[in-house]
Amino acid sequence: MGRTKRPDGSQTPRSNPTGSQAGPMDEYLQTPAAASREQAGATMADSPHHVLPPETAGPTLTDISADIRALAAQMVTKTDLQTLSDDLHAAIRLEVTALRAEMTTHNGRLQTLEGNMQETMGRTGTTTTAVTRQGNMLLALRRQTEDLDNRGRRSNIRVRGLPEPQADEDIEATLKALFQTILGEDLPADLTFDRAHRANRPRIPDGTPRDAICCLHHYKHKERIMQKARTRPLWRFRGADVALFQDLSPLTLEARRALRPVTTLLRERNIPYKWGFPFALLARHQNEWIPLRWPEESPGFLHRLELPPTEITDWVLGPLEPRPRPPTPRPQRRRRGDSPRRPTARRQLDPAEPEE
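Parameters and conventions
- Residues numbered from 1 in each chain as written.
- Predicted model: local features only at pLDDT ≥ 70, side-chain atom pairs only at ≥ 80, totals over all residues.
- Heavy atoms only, no water.
- Helix = DSSP H or I, 4+ residues; strand = E, 2+ residues; numbered from the N terminus.
- Buried < 20%, exposed > 50% of the residue type's maximum accessible area, 1.4 Å probe, protein only.
- Contact = heavy atoms within 4.5 Å.
- Expected span 1.5 Å × (residues − 1).
- Pairing = 2+ DSSP bridges.
- Axes fitted to C-alpha atoms, helices over the stretch in contact; angles between N-to-C directions.
- Phe/Tyr/Trp six-rings, centres within 6.5 Å; stacked < 30°, edge-to-face > 60°.
- Lys NZ or Arg CZ within 6 Å of the ring centre and 35° of its normal.
- Core = buried A, V, L, I, M, F, W, Y, C linked by side-chain atoms within 4.5 Å.
- Parallel < 35°, antiparallel > 145°, perpendicular 65-115°, else oblique.
- Left-handed = near helix turned anticlockwise from the far one by under 90°.
- Nonpolar A, V, L, I, M, F, W, Y, C, P; charged D, E, K, R; others polar.

Draft legend 1. Structural context of the overall build of the protein chain. Broken down by element type, the protein chain carries 9 helices and 8 strands. In the protein chain, which comprises 356 residues, the share counted as buried stands at 24%. Sequence-distant contacts, at least 24 apart, represent 60% of the contacts inside the protein chain between residues at least 6 apart.

Here you go:
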């Protein structure tokens, strides 16, 4: 068959044998054979299909080479990477060396601190043991001192509410008259005093009499008077109500004051109790006397007596805030020509509450 002709009589142009359109870079990418053909056809007339407009012409080879050289100059070379790696390794090595030196120093300090801590712990344990032992010894000495003080007061009677005259008084004659009222005809004929005096503290402005303290020469006379005095809480003497108590150590009085909430519960539950020497609170429960000697025994003591938990002040160490003491009277200056005054009696602390 013949070639297909167009209606106007012209033939269909042949296609590009390479299958692609011409571009601005074709002249640089053509093979030498193609270039020679183009040179051979340069003598022929130019076809309007192969002429490129001036504004679409591409960059020259010189420009492309310059750009490539500029890009190549800006690229990182192997030498640059090696230099950077060496610098990084040197910096890391320097930092690691410094860290090792610092860790070595800290390790030495830590070992020193651990050794000191172990030594301190050993000394602390020894000190704690010594302090505990000394504390127990002090408590034992305190209990022994309290017991010796109470034993030294066994023959003492403390009289509260005895009228006190403003002038000097014969305290021994007044006490004998009081004991005569209590014992009646049973008053011993050989009743004598080793000493008798008022409590050594200032007079109270409201006129309340100071306690009278006496020490009987015979202990059996004191016991006879106290046995009869316990039959009544108050005795009427010279228009005043008088009460007799056993003279006790201030430490014992402080302990009894601390145990007042417990004794109140015992009285409310009708549980019999008594005081023991050395200091102890003895309560009778199921035909057995249950003792309370130290503050740490309080919870077990209350539990055995089926009493509710009660807050009790530590009577051994005392309260956190000590109770204020009455001021001690200041001695008066003696003037010339005054007769010598009678020496003051030894200071005695009067109890803050009557004997239970």
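Once you've had a look at it, read on.
Draft legend 2. Structural context of helix α5 (residues 171-183). Across its 13 residues, α5 extends 18 Å between first and last C-alpha, which sits within 8% of the 18 Å expected from 1.5 Å per residue. Immediately downstream of α5, the backbone of G184 shows phi near 70°, a positive value.

Draft legend 3. Spotlight on helix α3 (residues 61-74). Spanning 14 residues, α3 covers 20 Å between terminal C-alpha atoms, matching the ideal 20 Å at 1.5 Å per step. Counting buried positions over the 14 residues of α3 gives 0, only a small fraction of the element.

Draft legend 4. Main features of the sheet that holds strand β3 (residues 212-216). Here 5 strands make up an open sheet; going across it, the order is β2-β3-β1-β5-β4 and the pairing antiparallel. The outermost strands of the open sheet, each flanked by one partner alone, are β2 (193-198) and β4 (235-237). For this sheet, the mean inter-axis angle between neighbouring strands, taken without regard to orientation, is 30°. Pairing of strand β1 (residues 156-160) with strand β5 (residues 240-246) involves 4 bridges; the strand directions are antiparallel. Opposite R160, over in β5, you have A243 as the bridge partner. Running at roughly 105° to β2, α5 makes contact with β1, β2, β3, β4 and β5 of the sheet. Across the sheet, helix α6 (residues 219-229) touches β1, β3, β4 and β5, and the angle it forms with β5 is around 125°.

Draft legend 5. Here's a closer look at the packing of aromatic side chains. Inspection of every chain in the model, using the stated rule, returns 4 aromatic pairs. Between the aromatic rings of Y273 and W275, the centroid separation amounts to 6.4 Å while the plane-to-plane angle is 85°, which identifies the pairing as edge-to-face. For W275, a relative accessible area of 12% gives the class buried. Put simply, the rings of Y273, W275, F279 and W315 pair up and form one aromatic cluster. If you follow R143 out to its NZ or CZ, it ends over the ring of W294, 4.2 Å from the centre. The ring of W289 carries the charged tip of K274 above its face, separated from the ring centre by 4.6 Å.

Draft legend 6. Main features of unusual backbone geometry. At the junction of F277 and P278, the peptide bond is cis and its omega measures out at -5° in the coordinates. Looking at where P278 falls in the secondary structure, it is placed in the loop between β6 (273-276) and β7 (280-284). Phi is positive for N287, which is not a glycine, with a value near 60°. With respect to the helices and strands, the residue N287 is situated in the loop between β7 and β8 (289-292). The exposure class of N287 is exposed, given its relative accessible area of 69%. The backbone of E306 sits at a positive phi, close to 60°, despite the residue not being glycine.

Draft legend 7. Region of the structure containing the environment of P188. Structurally, P188 can be placed in the loop between α5 and β2. Residue classification places P188 among the buried residues on the basis of a relative accessible area of 12%. Linking P188 and H221, residues 33 residues apart in sequence, is a C-alpha distance of 7.4 Å. Other than its neighbours up to four places away in sequence, P188 contacts L183, H221 and R224.

Draft legend 8. Spatial organisation of the nonpolar core. Of all hydrophobic cores here, the largest spans 22 residues; its most connected members are I157, V159, L162, L175, L178, F179 and L244. Looking at this core, the elements that each hand over two or more residues are β1, α5, β2, β3, α6, β4 and β5. Here this core gets 6 residues from one element, more than from any other, and that element is α5. When residues no more than four places from it in sequence are discounted, the contact partners of F179 are I157, G184, L187, L191, F193, C214, L216, I225 and L244.

Draft legend 9. Structural context of the packing of α5 against α6. Contact geometry of α5 with α6 gives a least axis separation of 9 Å together with a crossing angle of 60°. Between α5 and α6, the angle falls in the class oblique. Regarding α5 and α6, the two cross each other, and that crossing is left-handed. Here α5 contributes F179, I182 and L183 to the contact with α6, which in turn contributes R224, I225, K228 and A229. Broken down by class, the residue content of the contact of α5 with α6 amounts to 5 nonpolar, no polar and 2 charged.

Spatial relationships are all this shows, so hold off on functional conclusions.
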